[in-house]
Amino acid sequence: MQLLVGGVKGGTGKSTLAANLGIERARHGKKVILVDADPDQESLSDYIANRDEHGALPSVPVVQAKGSTTAKSLQALARDFDDVIVDCGGFDSIELRQAALISHAWVVPLNPSQMQIWTMPKLKTVLDEANAMRGNAQLTGWLLGMRISTNPYSSAKDDLRAVAKAFPGFQALRTIIHQRAAFEKAEKLGLAVTELEKPSTSERRARDAIRELHEELFGSITTVRSANA
Amino acid sequence: MPKPPLRLTRPARPEARNKQLDLRPALSPEIDLNSPEVQAFSLRGRVIVPPLVEDGRGEGVLASGIQARSPVLAPRLESSERDDPVVDDPWRYAAIKLPALSGRKLSEIADRRCSKRTRVALELLQRPLRELARNHRAGECPPLRRVSAGVSRSGVSLILPQDLADDLRYVVETRGAVKAQVLTRLLVPEIDALYIKEILRRP
């Protein structure tokens, strides 16, 4: 599956999510490649370079893609890998649009704060324009509650559903990823949160959330057919 | 405040909470990635231009379409998939913001022709940009009409032919100008003139 992780707002946790999902896929024995399509930041490349320096296994390859050949590069990679996970920069970029044209799924990490919700019209424009060219292979934007407060009174879940309802073409994922120090700790070690040893209660919750998301995204996949098939 | 009565049944769950989402991934689309529509759609996104490198050619490591970073595995790609001439020269990318009125005029012209805004804009740029480059090569620096953009603007993204991109680069570098400013100032008067010719004076 070609999975796009992207949005038009920075700091939402896109690279963290892409790295964690990619590593989790590799731990499930899948041949996965991460694509850093954010030439401005290169956060995902740094994450994996750090992982390599720490000698963490399994190894997860990462490549960079940019510009108007991004879609062709992704298609070439999809021939050799089970999963291609693309991390785009936090703005409306040529890479984001290219990836939206050919991806099978688009995950938008979103903490439904006002500033982030205000980016939704632009996201919807990109999604609608991409779908206008995709014919029958319509793409859905999956909103993922990311870096959500652990406060039990947080209304983030309901807010996320309300956002999805207000913007047709988007759906809210069931999984919620809370803001936890486990992600920072794992990042320092080049690990996914699912790889942390002797996890604390909070780290176990972060681990379970990534596992749940992995199951939600990849568990239901049976086949991805061509639109012409 | 009176003590609220005990409820003996559990509260009903919101429907969305129980509903299983249909998370089937999209099918693989059949898209011609080389089509002008796809190029135009892509170029409406921001393009990161690689920083200048020491040799001054403006082709940093990012200029290649895709580059391996991890020492673990460098995926093999066909050379034809990396040699996209569009990516090689950032001067061929041009994303400009026109005043709203000029944008509307351009749309109207394109609509009347059953063409596209980008195609008309590209056609309109050819003559004045080449002429301007000729003037600069002859040592002149003709003034360009100032354009007041206002708050509301209309975006056009172009992929210039290589020779036109070379002319643009020459003009911008010798003039010390900003690429988008030069293109906007050249394009707006041309749109005005063509609008009069093709829309207002049309029987």
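Presented here is an overview of the structure given in this document. Being a predicted model, the structure only gives us computed values, none of them experimental. (Residues numbered from 1 in each chain as written. Chains lettered and ligands numbered in written order. Predicted model: local features only at pLDDT ≥ 70, side-chain atom pairs only at ≥ 80, totals over all residues. Heavy atoms only, no water.)

## A short note on the overall build of chain A
Secondary structure assignment for chain A yields 9 helices and 7 strands. Taking the contacts inside chain A whose residues are at least 6 apart along the sequence as the reference set, 78% of them involve residues at least 24 apart. For chain A, the accessible area works out to roughly 8800 Å², and carbon and sulfur atoms hold 47% of it. (Helix = DSSP H or I, 4+ residues; strand = E, 2+ residues; numbered from the N terminus. Contact = heavy atoms within 4.5 Å. Areas by Shrake-Rupley, 256 points an atom, 1.4 Å probe, with all protein chains shown as cover.)

## Considering the nonpolar core
Residues Val86, Trp106 and Leu143 of chain A are the most contacted members of the largest nonpolar core, which totals 43 residues. Residues contacting Trp106 of chain A, with those up to four places away along its chain left out, are Leu4, Gly6, Leu96, Ala100, Leu123, Val126, Leu127, Leu139, Thr140, Gly141 and Trp142 of chain A. Counting 39 residues, the second largest nonpolar core, distinct from the first, contains Leu17, Leu34 and Leu196 of chain A together with Leu23 of chain B. (Core = buried A, V, L, I, M, F, W, Y, C linked by side-chain atoms within 4.5 Å. Buried < 20%, exposed > 50% of the residue type's maximum accessible area, 1.4 Å probe, protein only.)

## Remarks on the packing of helix H3 (residues 70-80) of chain A against helix H4 (residues 94-102) of chain A
Geometrically, a packed helix pair is captured by the angle between its two axes and the distance between the axes. Residues and elements named next belong to chain A. Packing of H3 against H4 leaves a shortest axis separation of 8 Å and a crossing angle of 45°. It follows that H3 is oblique to H4 by the angle criterion. Between H3 and H4 the crossing geometry is right-handed. Two secondary-structure elements touch here, H3 through Thr70, Ala71, Leu74 and Gln75 and H4 through Glu95, Gln98, Ala99 and Ile102. (Axes fitted to C-alpha atoms, helices over the stretch in contact; angles between N-to-C directions. Parallel < 35°, antiparallel > 145°, perpendicular 65-115°, else oblique. Left-handed = near helix turned anticlockwise from the far one by under 90°.)

## Observations regarding the pairing of strand E3 (residues 62-65) of chain A
All names here are of chain A. Here E3 shows a buried face lined by Val62 and Gln64 and a second buried face lined by Val63 and Ala65. As paired strands, strand E2 (residues 32-37) and E3 are joined by 3 bridges and run parallel to one another. Note on E3: the bridge partner recorded for Asp36 is Gln64. With helix H2 (residues 43-53) bridging E2 and the parallel E3, this β-α-β connection has right-handed handedness. (Pairing = 2+ DSSP bridges. Right-handed = clockwise from strand over helix to strand, strands pointing away.)

## Points about helix H5 (residues 117-137) of chain B
Along an α-helix, residues three or four apart share an orientation, since each turn contains 3.6 residues. Residue and element names in this part refer to chain B. Its 21 residues give H5 an end-to-end C-alpha distance of 30 Å, which sits within 8% of 30 Å, the value for a rise of 1.5 Å per residue. Along H5, the sharpest change in direction is near 35° and occurs at Gln126; proline Pro128 comes one to four residues later. Among all positions of H5, only Val120, Ala121, Leu122, Leu124, Leu125, Pro128, Leu129, Leu132, Ala133 and His136 are buried. Buried residues in H5 make contact with helix H4 (100-113), strand E3 (153-159), helix H6 (162-175) and helix H7 (179-200). In the stretch just after H5, Gly139 is the one whose phi turns positive, near 90°. (Expected span 1.5 Å × (residues − 1). Bend = angle between axes of the 7 residues up to and from the residue.)

## Topic: a positive patch on the surface
On the surface, a cluster of positive charge is made up of Lys122 of chain A together with Arg46, Lys97 and Arg153 of chain B. Locating Arg153 of chain B in the fold gives a position in strand E3. Look at Arg153 of chain B and you get partly exposed, because its relative accessible area is 47%. (Patch = residues over 30% accessible without salt bridge, like charges linked within 9 Å, V, L, I, M, F, W, Y side chains within 5 Å. Salt bridge = Lys/Arg side-chain N within 4 Å of Asp/Glu carboxyl O. Lys, Arg positive; Asp, Glu negative; His and termini not counted. Charge placed at Lys NZ, Arg CZ, Asp CG, Glu CD.)

## Points about the pattern of salt bridges
Per the counting criterion, the structure on display carries 21 salt bridges over all chains. The partner of Arg127 of chain B in a salt bridge is Glu131 of chain B, with the nearest N and O atoms 3.1 Å apart. Placement of the pair is Arg127 of chain B and Glu131 of chain B together in helix H5, with a separation of 4 residues, close to one helical turn. Since its relative accessible area comes to 48%, Arg127 of chain B is described here as partly exposed. Through salt bridges with shared partners, a single network forms among Asp92, Arg97 and Glu129 of chain A together with Arg44 of chain B.

## Describing the packing of aromatic side chains
Scanning the model with the defined rule gives 0 aromatic pairs over all chains in all. For the cation-ring pair, Arg46 of chain B lies above Phe91 of chain A, with the distance from its terminal atom to the ring centre recorded as 4.1 Å. It is Arg137 of chain B that lies over the ring of Tyr170 of chain B; its NZ or CZ is 4.5 Å from the centre. (Phe/Tyr/Trp six-rings, centres within 6.5 Å; stacked < 30°, edge-to-face > 60°. Lys NZ or Arg CZ within 6 Å of the ring centre and 35° of its normal.)

## Thoughts on unusual backbone geometry
Residues and elements named next belong to chain A. Each neighbour pair has its own omega, and for Leu57 with Pro58 the value is 5°, a cis peptide bond. Along the chain, Pro58 falls in the loop between H2 and E3. Positive phi is not limited to glycine here, since Arg147 has a value of about 55°. Checked against the element boundaries, Arg147 lands in strand E6 (residues 141-148).

Worth remembering: the numbers are spatial, not functional.
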